[in-house]
Each structure stands twice: as C-alpha cells, then as structure tokens.
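# Descriptive analysis of the structure
So you can see what is in the structure, the chains are spelled out below.
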Amino acid sequence: PSGAFYVFPSVEKCLGKTSRSGVVLKTDEDFVTALLEEEGVAAVHGSAFMYPGYMRLSYATDTESLRKACERIENFCNGLR
C-alpha cells in the first residue's frame, strides 16, 4: 500500500475454530493472542483499529523475517480445526 507499512488481512474464516493448543478463536483478538503464543508472530487485532475480523501486520522489516512470519501464520491457520 502507498504511504503505509502495514496490512489488514482478514481472519474471519478462522474465527470459530480451535487452535492446536485448544484455544477457541471467538474474536480477532483471540486469533492474534493465540498466534503470538503458539507461533511467536506478533500482530494487532483489527478491532483495535475499528476493523473487527482482521489483524494488522507490519511489514517494516527485512524480507527474510517476513517470509518466516508468513510461514508461521500459514502453519497456525493450517492447524486450526
């Protein structure tokens, strides 16, 4: 995006599911909290910015760190049931 260093991907399809550690993801805040605890990826819940059902990710870092973070996010989402 022009003029910004963050994106807001939707997590709506993940809500209502359960993480590998047994956390039920009722809200976007639940999602980012479990993502941090289970995969070590920090994000901010979209509700904090009036975007419920989304998370805010900063991409103000190097490409390799972003690649690893994306792999961890994918791993987290693939483990939901």
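Reference entry: report on the structure contained in this document.

Rules used in this analysis
- Residues numbered from 1 in each chain as written.
- Predicted model: local features only at pLDDT ≥ 70, side-chain atom pairs only at ≥ 80, totals over all residues.
- Heavy atoms only, no water.
- Core = buried A, V, L, I, M, F, W, Y, C linked by side-chain atoms within 4.5 Å.
- Buried < 20%, exposed > 50% of the residue type's maximum accessible area, 1.4 Å probe, protein only.
- Helix = DSSP H or I, 4+ residues; strand = E, 2+ residues; numbered from the N terminus.
- Contact = heavy atoms within 4.5 Å.
- Expected span 1.5 Å × (residues − 1).
- Arc of directions from axis to C-beta.
- 1 Å grid on protein atoms, 1.4 Å probe; cavity = no way out; pocket = protein on both sides within 12 Å on 5 of 7 lines; lining within 4 Å.
- Points joined across faces, edges and corners; volume = space filled by probe spheres on them.
- Nonpolar A, V, L, I, M, F, W, Y, C, P; charged D, E, K, R; others polar.
- Pairing = 2+ DSSP bridges.

### A closer look at the nonpolar core
A general feature of soluble globular proteins is that nonpolar side chains tend to end up buried together. Core analysis: the biggest nonpolar cluster contains 14 residues, and Leu25, Phe31, Leu35, Met55, Ile73 and Phe76 have the highest contact counts within it. Listing elements by their share of this core, those giving two or more residues are helix 1 (28–39), strand 3 (55–58) and helix 2 (63–78). If one sorts the elements of this core by residue count, helix 1 sits on top with 4 residues. Excluding anything up to four places from it in sequence, Phe76 contacts Ser19, Leu25, Phe31, Ala34, Leu35, Glu38 and Glu39.

### Overview of helix 1
Across its 12 residues, helix 1 extends 16 Å between first and last C-alpha, which sits within 8% of the 16 Å expected from 1.5 Å per residue. When we look at burial in helix 1, the residues that qualify are Asp28, Phe31, Val32, Ala34, Leu35 and Glu39. Buried positions in helix 1, seen along its axis, are confined to an arc of 165 degrees and lie on one side of it. For helix 1, the elements touching its buried residues are strand 2 (44–45), strand 3 and helix 2. A positive backbone phi angle near 75 degrees is found at Gly40, which sits one or two residues after helix 1.

### What about the layout of surface pockets?
A volume near 220 Å³ is recorded for the largest pocket. Lining the largest pocket are Val7, Val41, Ala42, Leu57, Ser58, Tyr59, Thr61, Ser65, Leu66, Ala69, Cys70 and Ile73. Listed by contribution, the elements that provide at least two residues to the lining of the largest pocket are strand 3 and helix 2. Looking at the lining of the largest pocket, the element that brings in the most residues is helix 2, giving 5 residues. Looking at the lining of the largest pocket residue by residue, the classes come out as 9 nonpolar, 3 polar and no charged.

### Notes on the pairing of strand 3
Side chains Met55 and Leu57 of strand 3 all project onto a buried face; the interleaved residues Arg56 and Ser58 project onto a face where none is buried. Looking at chain direction, strand 1 (residues 6–7) and strand 3 are connected through 2 bridges and run antiparallel. Opposite Val7, over in strand 3, you have Leu57 as the bridge partner. Where strand 2 meets strand 3, 2 bridges bridge the pair, whose relative direction is antiparallel. Within strand 3, the position partnered with His45 by the bridge is Met55.

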